[in-house]
Amino acid sequence: MGIELKGKQPVGVEIFDKIAHKYDSISSFLSLGIINRWQRKLVEGLESPGKVLDLACGTAEVGALVKEKAEKVVGLDYSLSMLKVAKRKYPEIDFVRGDALRTPFKDKSFDTVLVSLALRHFEDVKGSLKEIRRILKSGGEVRILEVSIPKNPLLKSLFLFFLKRVMLPIGKLRSKEDITRHLYETIVNFPHYEPFLKEALKAGFKKATYTPLMAGVATIYYLKG
Ligand SMILES: C[S@@+](CC[C@H](N)C(=O)[O-])C[C@H]1O[C@@H](n2cnc3c(N)ncnc32)[C@H](O)[C@@H]1O
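Since we're looking at a predicted model, the values are computed, not measured.

Cut-offs applied
- Residues numbered from 1 in each chain as written.
- Predicted model: local features only at pLDDT ≥ 70, side-chain atom pairs only at ≥ 80, totals over all residues.
- Helix = DSSP H or I, 4+ residues; strand = E, 2+ residues; numbered from the N terminus.
- Buried ≥ 20, exposed ≤ 12 C-beta atoms within 10 Å, placed from the backbone.
- Pairing = 2+ DSSP bridges.
- Axes fitted to C-alpha atoms, helices over the stretch in contact; angles between N-to-C directions.
- Contact = placed C-beta atoms within 7 Å.
- Near = placed C-beta within 6 Å.
- Nonpolar A, V, L, I, M, F, W, Y, C, P; charged D, E, K, R; others polar.
- Expected span 1.5 Å × (residues − 1).
- Bend = angle between axes of the 7 residues up to and from the residue.
- Parallel < 35°, antiparallel > 145°, perpendicular 65-115°, else oblique.
- Left-handed = near helix turned anticlockwise from the far one by under 90°.
- Core = buried A, V, L, I, M, F, W, Y, C linked by C-beta atoms within 7 Å.
- Right-handed = clockwise from strand over helix to strand, strands pointing away.

(A) Representation of the overall build of the protein. Within the protein, the regular secondary structure consists of nine helices and seven strands. Each principal axis of the C-alpha atoms in the protein carries an extent, and together these give about 45 × 35 × 30 Å. Looking at the protein residue by residue over its 225 residues, the buried ones come to 38%.

Structure below.
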């Protein structure tokens with residue numbers, strides 16, 4: 001299932017690697033099915049996506065949503081445990097173990113790159129955008145789904161209150177402080193909205209737009225190569 005990765009797994013991989021066998025049920029239960037709806041929104045209107053990369057695919061729910069329409073779907077993830085679950089569920093999809101910052105693909109390999117709820121976990125967001133641009137064909141499309149912070153001041157305060165005063169203390173109580181702190185910090189430190197579009201254009205994309213979902217609790221970014 002692809003290349004050997006040496007050294008310690010980044011924290012953004014480790015926390016998912018440990019729960020790979022129950023990742024689908026946890027994410028669907030905790031989000032009351034909302035994540036599945038966001039993922040369907042991510043691929044909405046992709047009629048002929050050509051050769052698709054599901055980057056940081058996890059259990060490949062997003063890749064599976066486009067496999068009938070695509071010429072080919074490849075799923076890449078750093079976590080071997082996630083990939084094993086994905087392969088069991090979708091044996092017809094090709095999976096590769098790799099790092100999103102240094103993928104094993106040649107320049108201009110894909111027509112479409114999909115990144116669902118993963119980009120903020122990469123150690124270098126700017127570097128990952130450059131890598132995605134490198135492996136995307138000219139005229140290709142990238143869609144990125146990410147948790148975001150609502151722009152509306154009231155909703156923003158409520159959301160940040162929830163993260164800080166509910167999620168972090170619960171993590172502490174359940175001795176999962178490292179995980180909840182990582183989740184909190186990646187949401188708070190991500191360059192949401194316009195700053196992200198700016199980074200995408202700097203990385204060489206020709207066009208970058210976004211659509212907030214659920215008043216900005218999540219956002220889909222659309223990039224053109
Ligand atoms: C929240 S899960 C999302 C999985 C899937 N895309 C989804 O929508 O359910 C984040 C995934 O990113 C992967 N990941 C984190 N950092 C990575 C990296 N540098 N390279 C490849 N995969 C990475 C993790 O292993 C994990 O499977």
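Moving on from the model shown.
(B) Local environment of the sheet that holds strand β7 (residues 218-224). Reading across the sheet, the seven strands line up as β3-β2-β1-β4-β5-β7-β6 and stay open at both edges, with mixed pairing between neighbours. Sheet topology places β3 (94-97) and β6 (207-213) at the edges, where each strand pairs with a single neighbour. Sheet twist, expressed as the mean angle between neighbouring strand axes with direction ignored, is 15°. Note that strand β5 (residues 136-147) and β7 share seven bridges and pair antiparallel. Among the inter-strand pairings, I144 is bridged to a residue of β7, identified as Y221. In the packing of helix α6 (residues 125-135) onto the sheet, the strands contacted are β1 (51-55), β4 (110-116) and β5, and the crossing angle to β5 comes to about 145°.

(C) The pairing of β7, seen in detail. For β7, a buried count of five out of seven residues is recorded, marking the element as mostly surrounded by other parts of the structure. As defined by bridge partners, β6 adjoins β7 across seven bridges and the pair is classed as antiparallel. Pairing of P212 across the sheet is with T219, part of β7. Counting the residues that bridge the hairpin from β6 to β7 gives four residues, and of these M214 lies at a positive phi of roughly 45°.

(D) Seen up close, the site of the ligand. Among the 22 residues in the neighbourhood of the ligand, the closest are listed as A56, G58, S79, A100 and S116. Elements that contribute at least two residues to the shell around the ligand include exactly α1 (11-17) and α4 (61-66). If you tally residues by element for the shell around the ligand, the top one is α1, at three residues. Tallied by class, residues from the shell around the ligand come to 13 nonpolar, six polar and three charged.

(E) Broad picture of helix α7 (residues 153-173). Taking 1.5 Å as the rise per residue, α7 with 21 residues should run 30 Å; its terminal C-alpha atoms sit 29 Å apart, in good agreement. In α7, a bend of some 25° at F162 exceeds every other bend along the element. For α7, a buried count of zero out of 21 residues is recorded, marking the element as mostly open to its surroundings.

(F) Broad picture of the packing of α7 against helix α8 (residues 177-189). Where α7 contacts α8, the axes come no closer than 7 Å and their chain directions differ by 155°. Of the possible angle classes, the one that applies to α7 and α8 is roughly antiparallel. By crossing handedness, the relation of α7 to α8 is classed as right-handed. Residues L163, M167, L168, I170, G171 and K172 of α7 form the contact with α8, whose participating residues are E177, I179, T180, R181, Y184 and I187.

(G) A look at the environment of D54. If you trace the backbone, D54 turns up in strand β1. Of the residues examined, D54 has 31 C-beta atoms within 10 Å and is grouped as buried. With sequence-adjacent residues up to four places away left out, D54 is seen in contact with A60, V62, G63, V73, G75 and L114.

(H) Structural view of the nonpolar core. Counting 53 residues, the largest nonpolar core has L55, V113, L114 and V115 as its most contacted members. For this core, the element with the most residues is β5, which contributes five residues. Once residues within four sequence positions are removed from consideration, L55 is found in contact with L76, A100, V113, L114, V115, A118 and I132.

(I) Focus on unusual backbone geometry. In the Ramachandran plot, Y193 falls in the positive-phi region, its phi being about 60° despite a non-glycine side chain. Along the chain, the position of Y193 falls in the loop between α8 and α9 (194-202). Positive phi, close to 45°, is recorded for M214, a residue that is not glycine.

(J) Representation of the pairing of strand β2 (residues 72-77) in the model. In terms of residue burial, β2 counts as a mostly covered element, since five of its six residues are buried. Here β1 runs beside β2; their pairing, made up of five bridges, is parallel. Of the residues in β2, the one forming a bridge with L55 is L76. What joins β1 to β2 is α4, and the crossover it makes is right-handed. In this region the chain leaves β2, passes through helix α5 (residues 80-89) and returns to the parallel neighbour β3; the handedness of that crossover is right-handed.

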